[in-house]
4 protein chains.
Amino acid sequence: MLRPYFKSMINAPQPLTVKVERRVRFEEVDPLGIVWHGRYPSFFEDARGALGEKYGISYLDFYNNGIIAPIKRMHIDYHLPLSYPDVFVIEGILHWSDAARIDFEYVIMDSKGALLTTGYTVQVMLDPNKNLYMVLPPFYMEFCQRWKRGDFK
Amino acid sequence: MLRPYFKSMINAPQPLTVKVERRVRFEEVDPLGIVWHGRYPSFFEDARGALGEKYGISYLDFYNNGIIAPIKRMHIDYHLPLSYPDVFVIEGILHWSDAARIDFEYVIMDSKGALLTTGYTVQVMLDPNKNLYMVLPPFYMEFCQRWKRGDFK
Amino acid sequence: MLRPYFKSMINAPQPLTVKVERRVRFEEVDPLGIVWHGRYPSFFEDARGALGEKYGISYLDFYNNGIIAPIKRMHIDYHLPLSYPDVFVIEGILHWSDAARIDFEYVIMDSKGALLTTGYTVQVMLDPNKNLYMVLPPFYMEFCQRWKRGDFK
Amino acid sequence: MLRPYFKSMINAPQPLTVKVERRVRFEEVDPLGIVWHGRYPSFFEDARGALGEKYGISYLDFYNNGIIAPIKRMHIDYHLPLSYPDVFVIEGILHWSDAARIDFEYVIMDSKGALLTTGYTVQVMLDPNKNLYMVLPPFYMEFCQRWKRGDFK
């Protein structure tokens, strides 16, 4: 699979982005001396969480508005490995979607900007009874409206 | 600290024990080729969980009876390391206590019976409002009575 | 992305499969009461490891033959969640490839056979100097020859 | 066990300390809504690592000087729980020892300074052949001499 992971939609607003820095922990490295591939969901979640806080759509914001947003799909492309104690940057990129889903892309770079890892997640939205929202719930619709009219520029 | 971790009380019934087998996973091993020391709480929990199920005091049994039993203390003595893909045995040993606390001891052995790790945990019991039980809650008292009269031999 | 994750090649031998059983651990469950999505790489690895041991291409077999096989891509589709203490089955399916890559598919089912999770990984092969094998290294070629002539049926 | 975890020795230099801040991750929280007790070894390691870097005795410094320093004992007292997304501070305190061992104490506080967790680890030192250093290896002795003469004040 080649990027772009998500197709751009006509008239869609620019993606929202955030960058977080993190450092490889000793415990994250495997016997081959590189970060075990299964640690990366945590890296992605750091960026997803930071973007959520920056734009008012954090896990707790969702929860307080009766929305649970489970991951339905995760995809990771490992280009170059991380070692201990590398410092790296995780960029989270929220892409616009007309549907009731949350499309996140992730780009991990080393401290010099070299591309290490890319990936994406897709989330859906459930109400407190675990029923799928087929249209945007009001809280998230309001966020999307602000995004579309340029409040986050 | 030398074992015994817990003092034997006079007239206390024999400890209850269980053994579970587990195998080192690749992801549990650190760059030095041994299981990272921070994985052992999971090993202990496997034995604690198995004993709970064997004797009717599992996490869910507690939960369904309005008891939460958080860990208040954990202690681990690392004698010999584990490597990938070692098979090992975790023995969980529940010691009798007259107080409203749960005293577990753990012994990890390799497949030939060599002693690798020992440790213990101490749990207290909380009600659903997170108030400490100062005396045994009825569910656990009943378990203790069965233990004391020898039902588990 | 819809399955099949990998295209069948003409004249390719049947995939090799293995099933392993596992049980949700308390520590694997998140505050929403379901297994955190980032635990599944471990589940997949259990099946991949078991298939490797069944057919003589385990991590250690590779290592002893000068081959490192890092994950280059991982994809997970989450259909239904796992809760504590569910028992589940992970099926690992090794698909034939003419190239020097290892294509694994994974299917997670609950104890009644309901489909919970699917996914795949792609691995490449490196020599001890971390150079990519462009053609099959002898050890893996021999395995493929045995596979193709039906030794594993 | 009550603190102090380590006895003060006469003429010992003051302990060396460091503080690191960390934030509870979603994945670290268990179904009861508190950080699972088995995550704390990672918290302790963050402080131990930071102190090592501050004073030139990091994991890599050790490694480059032919010393491996495995954990032989870990002890944790859980006073109050952490929840998502709490910010907390981990203080690492290196106590002087005349023997070839490394005695670390840890104190975790919430953002208001309330005491949440305390604990300690004991490490020994091994040479590259995994033989125990019975006396201080030169690299660590030099560090101790600088510590004793007050270079780190």
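Above this text is the structure in question.
The paragraphs below set out a description of the structure included in this document. Everything numeric here is computed off the predicted structure, so don't read it as measured data.

### Side note on the overall build of chain A
Of the regular secondary structure elements, chain A holds three helices and five strands. Secondary structure elements in chain A, listed N-terminal to C-terminal, are β-α-α-β-β-β-β-α. Structurally, chain A occupies a C-alpha span of about 45 × 35 × 30 Å along its principal axes. Among the 153 residues that make up chain A, the fraction classed as buried is 32%. Considering only contacts in chain A between residues 6 or more positions apart, those separated by 24 or more positions represent 68%.

### Quick look at the environment of Tyr 140 of chain B
Residues and elements named next belong to chain B. With respect to the element layout, Tyr 140 can be found in helix α3 (residues 138-148). With 20 C-beta atoms counted inside 10 Å, the residue Tyr 140 sits in the buried group. The spatial distance from the C-alpha of Tyr 140 to the C-alpha of Ile 102 is 10 Å, given a sequence separation of 38 residues. Setting aside anything within four residues of it in sequence, one finds Tyr 140 in contact with Ile 67 and Met 125.

### Observations regarding the relation of the copies chain C and chain A
The pair of chain copies shares a relation made of a rotation about an axis and a shift along it. Rotating chain C by 180° about the axis while translating it 0.0 Å along that axis superimposes it on chain A, leaving an RMSD of 0.0 Å. Such a combination of rotation and displacement between the chain copies is what one expects of a two-fold axis. The C-alpha atom lying nearest the rotation axis in chain C is that of His 75 of chain C; the distance is 2.2 Å. In this assembly the copies share their binding face: 100% of the residues contributing to the interface of chain C also contribute to that of chain A.

### Quick word on the relation of the copies chain C and chain D
The two copies are related by a screw motion: chain C maps onto chain D through a turn of 180° and a shift of 0.0 Å along the axis, at an RMSD of 0.0 Å. Looking at the interface residues of chain C, 100% of them are also at the interface in chain D, so both copies use one shared face.

### Side note on the sheet that holds strand β2 (residues 71-78) of chain C
Sheet architecture is open: ten strands sit in the order β1(A)-β3(A)-β4(A)-β5(A)-β2(A)-β2(C)-β5(C)-β4(C)-β3(C)-β1(C), paired in antiparallel fashion. Each edge of the sheet is formed by a strand with only one pairing partner; in this case those strands are β1 (16-23) of chain A together with β1 (16-23) of chain C. The mean inter-strand angle of the sheet, taken between neighbouring strand axes irrespective of direction, is 15°. On top of the sheet, helix α1 (residues 40-55) of chain A reaches β1, β2 (71-78), β3 (87-95), β4 (101-110) and β5 (115-124) of chain A; it is set at about 130° to β1 of chain A, its chief contact.

Basis of the calculations
Residues numbered from 1 in each chain as written. Chains lettered and ligands numbered in written order. Predicted model: local features only at pLDDT ≥ 70, side-chain atom pairs only at ≥ 80, totals over all residues. Helix = DSSP H or I, 4+ residues; strand = E, 2+ residues; numbered from the N terminus. Buried ≥ 20, exposed ≤ 12 C-beta atoms within 10 Å, placed from the backbone. Contact = placed C-beta atoms within 7 Å. Least-squares fit on C-alpha atoms with pLDDT ≥ 70 in both. Pairing = 2+ DSSP bridges. Axes fitted to C-alpha atoms, helices over the stretch in contact; angles between N-to-C directions.

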